[in-house]
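Chain and residue survey
Spelled out, the chains give:
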Amino acid sequence: THTRTRERERESMFATPSAPSCSSSTSKVFLSSRSKTGWASVLKSSSSSKSIADKRTKTFRKSSSSSSSPSRVVVRASSEQPKDPLLVRAARGEKTERPPAWMMRQAGRYMKVYRDLAEKTPSFRERSETTDLIVDITLQPWRAFQPDGVILFSDILTPLPAIGIPFEIDDYKGPLLDKTIRSEEDLKMMHSMDYSKVPFIEESLKILRSEVGDTATLLGFVGAPWTLCTYIVEGQSSSTYKTIKSMAFSNPTLLKKLLSNVADCIGEYVIHQIDSGAQCVQIFDSWGGQLPPHMWEEWSKPYIQQVIAKARSKYPNVPLTLYANGNGGLLERMALLDIDCIGLDWTIDMADGRKRINSVQEKAVQGNVDPVVLFASEDAVEEAVRTVCKKAGPKGHVLNLGHGVLVGTPEEKVKHFFDVSKTIKYD
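Structure report, in brief.

Conventions adopted
Residues numbered from 1 in each chain as written. Predicted model: local features only at pLDDT ≥ 70, side-chain atom pairs only at ≥ 80, totals over all residues. Heavy atoms only, no water. Core = buried A, V, L, I, M, F, W, Y, C linked by side-chain atoms within 4.5 Å. Buried < 20%, exposed > 50% of the residue type's maximum accessible area, 1.4 Å probe, protein only. Helix = DSSP H or I, 4+ residues; strand = E, 2+ residues; numbered from the N terminus. Contact = heavy atoms within 4.5 Å. Expected span 1.5 Å × (residues − 1). Bend = angle between axes of the 7 residues up to and from the residue. Polar contact = N/O pair within 3.5 Å; in protein donor to acceptor, adjacent residues only side chain to side chain. Phe/Tyr/Trp six-rings, centres within 6.5 Å; stacked < 30°, edge-to-face > 60°.

Comments concerning the nonpolar core
Of all hydrophobic cores here, the largest spans 122 residues; its most connected members are I232, L255, L258, I283, V369, V385 and F417. When residues of this core are assigned to their parent elements, the largest contribution, eleven residues, is made by helix α13 (residues 252-275). Residues within four places of L255 in sequence aside, it is in contact with W226, I244, M247, A248 and W299.

Put into structure tokens, the structure is as follows:
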């Protein structure tokens, strides 16, 4: 039962965001486009690679030019440069007028609309690998709560088949890999990213960017190399990570090759997501906190930096956030990475965490309300949000939970979290 609960929570661990209310016509499109070809046909209907927004603009211009009215509309260029979305500015470390907010596991089983969809489409792989379903699920919390971040509904393991490592997800055991990598020979199964295996990532991000625009930040995400390799080596979820930790001592050369290969691929995957419309990318080192700090320094940190360097080579100004669950002993080490923003889990005092990070290098921070607070009263939720924001200050803070939304969380408390965040104003 514990394993099943853990995997059910994990299935939306890295999932989606929400959005300002869609127009009624847009909502109808989402509700009627549940087939696998629904959004694909929308993409194909554009003879060029222009966005849906471009197509809408063309339609408007055509109707305007055919109008009998001779009046002309003159649009004067503004001398002011448009601002980047609030969350992008905060993740870069800038001072903002209020704290931007989103939640890890923003879309998932705590929402009734998601549970209803999951009943009709019980396969998590299908939900997270079908373009129209990804778009719909990603936008569920955006429609409901209007957060400042919309994070792609996907999974950290999604790119594995694209690098030659197939996997399945069992309802009870979670991810299962038939073939693990535990030898030099096994390494030969890996190859560079084959995006034809994951076309839904590009398709979904392009549609989401068109729908959301700059009313919220579109976030992509990836798993850190160490975290991904725990599955690649263990073959499934683990509570001890005995096989991969032993490999660090028994065959360090092999493990370093594996981590480096994965890091190269994930760096390319970050670029692919940004190419497709992501405005900010979060790296999840979900199981990095399972390593002693000195081992994280050797077996996780260098390969996260490898991912960052690859992404920076093409997109030096797109903000990158790093979150590692159980990172209380890692903050100073994390601050040495070329990362823009560091996510704090709920076990760290925000003021202390900010101080520790800035003692090494000034970074933006994210977090870190305890997810369990959302089961308490609205007054408790408001107090927790305001306390975290006060301790973080007005510069470089992205409001979030210290972990993902828990299964069973009342939706009205999630809404209250976001409503309170919008009442906090900085001078």
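From this point, the narrative continues.
Brief notes about helix α8 (residues 131-145)
With 15 residues, α8 extends 22 Å from end C-alpha to end C-alpha; this agrees with the ideal 21 Å at 1.5 Å per step. In α8, a bend of some 30° at L139 exceeds every other bend along the element, and P141, a proline, comes one to four places later. Counting buried positions along α8 yields 13 of 15 residues, so the element is predominantly enclosed. Positive phi shows up at Q146, right after α8, with a value of about 55°.

Quick notes on the side chain of T230
The topology assignment puts T230 in helix α11 (residues 225-234). When its relative accessible area of 2% is taken as the criterion, T230 is described as buried. One polar contact links the side chain of T230 to the main-chain carbonyl oxygen of T227, over a distance of 2.5 Å. With near-sequence residues (within four places) excluded, T230 lies in contact with G235, Q236, Y241, I244 and W287.

Regarding the packing of aromatic side chains
Tallying each qualifying case throughout the model produces seven aromatic pairs. Their ring planes at 90° and their centres at 5.7 Å tell us that F221 and F284 sit as a pair that is edge-to-face. With F221 in strand β4 (residues 217-223) and F284 in strand β5 (residues 280-284), the pair connects residues that are 63 residues apart, well separated along the chain. Like F221, the residue F284 is buried in the burial classification. Aromatic pair F284 and Y323: ring centres 6.2 Å apart, planes at 70°, arrangement edge-to-face. Of this pair, F284 sits in strand β5 while Y323 sits in strand β6 (residues 320-323); the two residues are 39 residues apart in sequence, bridging distant segments of the chain. A relative accessible area of 2% places F284 in the buried class.

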